[in-house]
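Commentary on secondary and tertiary structure
Okay, here's what each chain looks like letter by letter:
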Amino acid sequence: MNDIAVRTKADSLPLDAFDVSDPQIYQDDTWYPYFARLRREDPVHFCRESRYGPYWSVTKYKDIMQVEVNHQVYSSASELGGIQIEDQPKDMDRPSFIRMDPPRHDDQRKVVSPVVAPANLANMEGLIRERTISVLEALPRGETFDWVDLVSIELTTMMLATLFDYPWDDRRQLTYWSDVVIANVNAPEAPVHSEAERFAELTKMAQALGVLFQERAQLPPRFDLLSMLAHGEATRNMPFREFMGTLGLLIVGGNDTTRNSMTGGLMALSQHPGEYQKLRDDPSLIPGMVSEIIRYVTPVIHMRRTAKEDTELGGKTIRKGDKVVMWYVSGNRDPEAIENPDTCIIVRPRPRQHLSFGFGVHRCVGNRLAELQLRILWEEILRRYPVIEVMGPPQRVYSNFIHGIRSLPVRIPA
Ligand code: HEM
């Protein structure tokens, strides 16, 4: 469907028939007009029927913030359904601190936060730069290649291996497990095709990482995630399911999101050549550009909460037990909060004001690390490749949760 047809469909469909949970609209990149209309006409919208049951859509920046900061009412708890519009099957539930409310959430989050504390980030900067340079130097010139595979996946996989201190040569195993955690099992290209298969693969992941976890428990504490979990008061004795869930969270948290910002950034700049030129002319704009890219790309499409009591939001009555979905893709394009939001503008006055990292107690632990990785990537790109041409459309992921790009053909002139 072309742009005009999508817009016409979104404008003519009765609001009652709106279901923005359909992963197809993210794979086809046709979600914009649906959210524009919801923000205009029914910003807190109830969808009575969907493949995930009834749910509320929260589409404006300020309403999303209200849900984010009010965790007493809007729960992330696994037992109530967790953080995705799709419930995890009860018998395969894998809790982790992103699927918990305070105080348990806070205790576990505190254990892993030091891995991304400013001093540790400063320590890692040299290594991240070295690896980024080696990946960029090895890229082919004068021929078309897949940016996702050779750059975005490679760099984020290296980062994961560093954070976990995982055996270097086996590092793509971590990428595979990340893909398994986020896969939509109905997508033909997914690495697993049922919840049972996903559970079996993640059991193998937890067993393999469990061996390293046990080894690190015997050694003095170090600055890697497995060592931190093995020594943390709140995490050293986690039940197996929770261990599985926590590893899944830490692997996915820093992987797909940053990966898609690396790809989405190149796409956004090539769609906005004037901004790309500004960046070449003045690399000191990189930090602001990085934040703008993270807003513009919005790597996590939504987070879900469940109401613990009756409440009101945007003039609507939400009932206890209702599913409430915060659509970050929409909040980040809300013109009441962000000027000219559909354009990528690398010199915004307050570039970190966006929803891509969430807000409140669950605000992304790794946000500064992600920004660091992206800043270094762009500093090193601009030093060696003033021009990287996007040669064709991206292939997008079939998901309503991770805003993913599977491949992007590019070419660096010879
Ligand atoms: C551009 C990159 C990234 C984006 C867009 C992103 C996005 C998010 C979002 C939306 C949340 C949930 C926020 C909420 O519910 O309010 C989150 C939480 C989290 N992220 Fe990230 N993330 C990124 C990079 C990273 C990195 C590099 C790491 C790991 C080092 C990481 C680890 C986590 C963890 C552990 C949580 C759970 C926090 C909690 O529940 O307290 N993320 N992230």
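Residues numbered from 1 in each chain as written. Predicted model: local features only at pLDDT ≥ 70, side-chain atom pairs only at ≥ 80, totals over all residues. Heavy atoms only, no water.

1. Topic: the coordination of the iron atom of the ligand
A lone protein donor binds the iron atom of the ligand: Cys364 (SG), at 2.3 Å. By the element assignment, Cys364 lies in the loop between helix H15 (328-331) and helix H16 (367-384). (Donors = N, O, S within 2.8 Å, 3.2 Å for Na, K, Ca; no water. Helix = DSSP H or I, 4+ residues; strand = E, 2+ residues; numbered from the N terminus.)

2. Concerning the sheet that holds strand S1 (residues 44-47)
Paired through their backbone hydrogen bonds, the strands of a sheet run either parallel or antiparallel. If you walk across this open sheet you meet the five strands as S1-S2-S8-S5-S3, and the pairing is mixed. Edge positions in the sheet fall to S1 and strand S3 (74-75), since each of these pairs with one other strand and no more. With three bridges connecting them, strand S2 (residues 55-58) and strand S8 (residues 323-327) associate as parallel partners. Within S8, the residue paired with Ser57 across the bridge is Val325. Contacts from helix H4 (residues 61-69) reach S1, S2, S3, strand S5 (302-307) and S8 within the one sheet, and its direction differs from that of S8 by about 125°. (Pairing = 2+ DSSP bridges. Contact = heavy atoms within 4.5 Å. Axes fitted to C-alpha atoms, helices over the stretch in contact; angles between N-to-C directions.)

3. With respect to the packing of aromatic side chains
Applying the stated criterion to the full structure yields nine aromatic pairs. Here Tyr166 and Trp177 contribute two aromatic rings whose centre-to-centre distance is 6.4 Å and whose plane-to-plane angle is 80°, an arrangement assigned as edge-to-face. Here Trp177 lies in helix H8 (residues 172-182) and Tyr166 lies in the loop between helix H7 (147-164) and H8, a separation of eleven residues in the sequence. Residue class for Trp177 comes out buried when judged on its relative accessible area of 4%. With a centroid separation of 6.2 Å and 85° between ring planes, the pair formed by Tyr276 and Trp378 is classed as edge-to-face. Of this pair, Tyr276 sits in helix H13 (residues 273-281) while Trp378 sits in helix H16, placing them 102 residues apart in sequence. Tyr276 sits in the buried class, given a relative accessible area of 4%. Given the relative accessible area of 1%, Trp378 is considered buried. Among the aromatic side chains, those forming a connected cluster through ring pairs are Tyr26, Trp31, Tyr32, Phe35 and Trp327. (Phe/Tyr/Trp six-rings, centres within 6.5 Å; stacked < 30°, edge-to-face > 60°. Buried < 20%, exposed > 50% of the residue type's maximum accessible area, 1.4 Å probe, protein only.)

4. Quick word on the layout of surface pockets
It is a probe the size of a water molecule, rolled over the atoms, that shows where empty space is left. Estimated volume of the second largest pocket: approximately 300 Å³. In terms of lining residues, the second largest pocket is bounded by 20 residues, among which Asp179, Ile182, Arg259, Val397 and Arg406 are the most central. (1 Å grid on protein atoms, 1.4 Å probe; cavity = no way out; pocket = protein on both sides within 12 Å on 5 of 7 lines; lining within 4 Å. Points joined across faces, edges and corners; volume = space filled by probe spheres on them.)

5. Some details on the pairing of S2
Covered by surrounding structure in S2 are Tyr55 and Ser57 together with Trp56 and Val58, the residues of both alternating faces. Looking at chain direction, S1 and S2 are connected through four bridges and run antiparallel. Bridge assignment links Val44 to a residue of S2, and that residue is Val58.

6. With respect to the pattern of salt bridges
In total, this model carries 40 salt bridges according to the counting rule given. For Asp93, the salt bridge goes to Arg99, with nearest N and O atoms at 3.5 Å. Classification of Asp93 as buried rests on a relative accessible area of 18%. A salt bridge links Arg259 to Asp256, with the shortest nitrogen-to-oxygen separation between them at 3.5 Å. Placement of both Arg259 and Asp256 in helix H12 (residues 256-271) is noted, with a separation of three residues, approximately one turn of the helix. Grouping residues by exposure puts Arg259 and Asp256 together as buried. Beyond isolated ion pairs, a larger network of salt bridges with shared partners links Glu125, Arg129, Glu137, Arg375, Glu379, Glu380, Arg383 and Arg384. (Salt bridge = Lys/Arg side-chain N within 4 Å of Asp/Glu carboxyl O.)

7. What about the site of the ligand?
Near the ligand, the surroundings consist of 28 residues, among which Glu68, His105, Arg109, His362 and Cys364 are the closest. In this structure, a nitrogen atom belonging to the ligand sits 3.1 Å away from a main-chain N or O atom of Gly253. Between an oxygen atom of the ligand and a main-chain N or O atom of Phe359, the distance comes to 3.2 Å. At the level of secondary structure, the elements contributing two or more residues to the shell around the ligand comprise helix H5 (104-112), helix H11 (240-253), H12, S5 and H16. (Near = heavy atom within 4 Å. Polar contact = N/O pair within 3.5 Å; in protein donor to acceptor, adjacent residues only side chain to side chain.)

8. Describing the nonpolar core
Of all hydrophobic cores here, the largest spans 71 residues; its most connected members are Phe164, Leu209, Leu247 and Leu369. Once residues within four sequence positions are removed from consideration, Leu209 is found in contact with Tyr166, Trp177, Leu226, Phe243, Leu247 and Ile251. Ranked by size, the runner-up nonpolar core spans 40 residues in total, among them Val151, Ile286, Val290 and Tyr385. (Core = buried A, V, L, I, M, F, W, Y, C linked by side-chain atoms within 4.5 Å.)

9. Observations regarding the packing of H7 against H16
When two helices pack together, their arrangement is given by the angle between the helix axes and by the axis-to-axis distance. Where H7 contacts H16, the axes come no closer than 12 Å and their chain directions differ by 135°. Between H7 and H16, the crossing angle belongs to the class labelled oblique. Seen from above, H7 lies across H16 with right-handed handedness. Of H16, the residues touching H7 (which contributes Trp147, Val151, Leu155, Thr156, Met159 and Leu163) are Leu369, Gln373, Leu377 and Ile381. Class assignment of the residues belonging to the contact of H7 with H16 gives a composition of eight nonpolar, two polar and no charged. (Parallel < 35°, antiparallel > 145°, perpendicular 65-115°, else oblique. Left-handed = near helix turned anticlockwise from the far one by under 90°. Nonpolar A, V, L, I, M, F, W, Y, C, P; charged D, E, K, R; others polar.)

10. Here we look at H4
Turning to H4, its buried residues number three or more, namely Tyr61, Asp63, Ile64, Val67 and Glu68. All buried residues of H4 project into a common sector of 165° when viewed along the axis, lining one side. (Arc of directions from axis to C-beta.)

11. Describing the environment of Leu249
Inspection of the secondary structure assignment puts Leu249 in helix H11. For Leu249, a relative accessible area of 17% puts it in the buried group. Separated by 151 residues in the primary sequence, Leu249 and Ile98 place their C-alpha atoms 7.5 Å from one another. Beyond its immediate sequence surroundings of up to four residues, Leu249 is in contact with Ser96, Phe97 and Ile98.

12. Focus: H7
Helix length check: H7, at 18 residues, gives a terminal C-alpha distance of 25 Å against a target of 26 Å (1.5 Å per residue), a fit within 8%. Along its length, H7 shows its largest kink, about 30°, at Ile153. Counting buried residues along H7, 15 of its 18 residues qualify, which places the element largely inside the surrounding structure. Measuring from the backbone nitrogen of Val148 back to the side-chain oxygen at the start of H7 gives 3.1 Å, which picks out Asp146 as the cap. (Expected span 1.5 Å × (residues − 1). Bend = angle between axes of the 7 residues up to and from the residue.)

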